[in-house]
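One-letter residues, chain by chain:
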Amino acid sequence: MSTPQIEAFLEMMAVERDASPHTLSAYGRDLADAEGSVDGGLMRGDEAGLEAWYAGLALQGLSPATQARRRSAVRQFYRFALGEGWRADDPSRRLDAPKQGRSLPRTLSGEEIGRLLTAASAHDGAAGLRMVALVELAYASGLRVSELLGLRLEAVRRDPAWLIVRGKGGKERLAPLNAPAREALKAWLVARDAARPEKTPDSPWLFPSSAARGHLTPRRFAQLLDQAAVDAGIDPARVSPHVLRHAFATHLLDGGADLRVVQTLLGHADIATTQIYTHVATDRLAQVVKSKHPLARDD
């Protein structure tokens with residue numbers, strides 16, 4: 001359920017804060033839920049009504065992350081409403097953020113990444129070369145899946161050692177390409193060019209497809225990764241495009257990379273987001289000690 005005030009807020013988020021379509025869609029759903037659940041709606045609701053709505057989110061089984069996003073959407077809406085003079089108070093000011101347990105990101109070992117690449121390269125023709133290029137790029141650069149699949153052809157034609165990537169909030173950063181990724185890209189470009197029918201305009205995308213967006217979709221990439229995981233003897237539940245990004249960060253830290261460098265390469269605005277990978281590395285070290293140290297063994 002939307003209202004003119006919610007639409008005005010979402011327009012402000014899009015124009016003034018450069019919110020992504022994904023964020024706008026999520027905030028629209030969150031505010032519509034609150035509008036339909038709070039007595040009197042957002043414009044006439046009071047503190048008691050907001051708190052009852054918010055308490056009900058946990059009872060519905062929503063995750064702490066989803067609860068936190070809905071709280072953020074409502075609080076930002078009320079700050080906007082105060083600024084516009086629509087309300088003289090903020091009934092959301094006493095909504096406490098939910099406690100969120102920190103879950104460690106899933107990752108893969110270097111040996112498992114190698115098996116994925118071997119499985120991808122076993123496919124003949126352009127499809128296999130494309131899959132190898134996708135995995136090599138994701139693992140070498142730590143790109144988000146939207147950044148990877150949205151790469152334009154012109155960005156890689158001259159065999160760059162770095163890519164200029166526009167990430168969240170429109171912020172640009174440099175993403176590295178190692179030798180295997182560059183070789184995989186060269187092989188894919190040859191196959192890509194050969195597969196294009198003569199006298200047809202070339203797609204601007206590095207990984208073109210017949211999808212509405214004109215390039216490979218995250219869902220299709222995930223499906224291809226699932227098949228590669230099965231072929232490699234890896235549980236596909238442990239593999240996703242985002243897991244390749246996790247592997248990039250975790251393996252850098254395992255190799256001694258500085259946390260600030262990893263933060264920059266991942267495009268994290270807050271280093272606290274990057275620090276979660278240190279927990280993965282620490283857990284791995286603890287397992288090594290437990291399994292290898294003679295006094296730590298159960299036997």
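Up top you'll find the structure we're talking about.
The structure reproduced in this document is the subject of the present report. (Residues numbered from 1 in each chain as written. Predicted model: local features only at pLDDT ≥ 70, side-chain atom pairs only at ≥ 80, totals over all residues. Heavy atoms only, no water.)

Attention shifts here to unusual backbone geometry. A positive phi angle, close to 55 degrees, is found at D159, a residue other than glycine. With respect to the secondary-structure elements, D159 resides in the loop between α8 (145–149) and β1 (162–166). For D159, a relative accessible area of 27% puts it in the partly exposed group. (Helix = DSSP H or I, 4+ residues; strand = E, 2+ residues; numbered from the N terminus. Buried < 20%, exposed > 50% of the residue type's maximum accessible area, 1.4 Å probe, protein only.)

L148 and L206 are the most contacted members of the largest nonpolar core, which totals 44 residues. If you list the elements that add at least two residues to this core, you get α6 (110–121), α7 (125–141), α8, β1, α9 (179–195), α10 (218–232) and α11 (241–254). Sequence-distant contacts of L206, defined by excluding residues within four places in its chain, comprise L137, L151, R152, L153, V156, L185, W188, L189 and R192. Ranked by size, the runner-up nonpolar core spans 21 residues in total, among them M13, L42, Y54 and L57. (Core = buried A, V, L, I, M, F, W, Y, C linked by side-chain atoms within 4.5 Å. Contact = heavy atoms within 4.5 Å.)

Another point: the pairing of strand β2 (residues 172–176). Bridging between β1 and β2 involves five bridges; their strand directions are antiparallel. What sits directly across from W162, in β2, is P176. Hairpin connection of β1 to β2: five residues between the antiparallel strands, including G169 at a positive phi of 70 degrees. (Pairing = 2+ DSSP bridges.)

Further remarks concern the packing of aromatic side chains. The geometry of an aromatic ring pair comes down to the distance between the two centres and the angle between the two planes. Scanning the entire structure with this criterion turns up six aromatic pairs. With a centroid separation of 5.6 Å and 70 degrees between ring planes, the pair formed by F77 and Y78 is classed as edge-to-face. One exposure class covers both F77 and Y78, and it is buried. Taking the ring centre of W205 as reference, the NZ or CZ of R152 above it sits at 4.8 Å. (Phe/Tyr/Trp six-rings, centres within 6.5 Å; stacked < 30°, edge-to-face > 60°. Lys NZ or Arg CZ within 6 Å of the ring centre and 35° of its normal.)

Moving on, we come to the packing of helix α2 (residues 21–37) against helix α5 (residues 64–84). Put simply, α2 and α5 touch, their axes get as near as 9 Å, and they point 80 degrees apart. Between α2 and α5, the interaxial angle falls into the category roughly perpendicular. Contact residues: A26, Y27, D30, L31, D33 and A34 in α2; R69, R70, S72, A73, V74, Q76 and F77 in α5. Among the residues making up the contact of α2 with α5, the classes are represented as seven nonpolar, two polar and four charged. (Axes fitted to C-alpha atoms, helices over the stretch in contact; angles between N-to-C directions. Parallel < 35°, antiparallel > 145°, perpendicular 65-115°, else oblique. Nonpolar A, V, L, I, M, F, W, Y, C, P; charged D, E, K, R; others polar.)

With respect to the secondary-structure elements, D231 resides in helix α10. We classify D231 as partly exposed; its relative accessible area is 40%. As a C-alpha pair, D231 and L116 span 115 residues in sequence and 8.0 Å in three-dimensional space.

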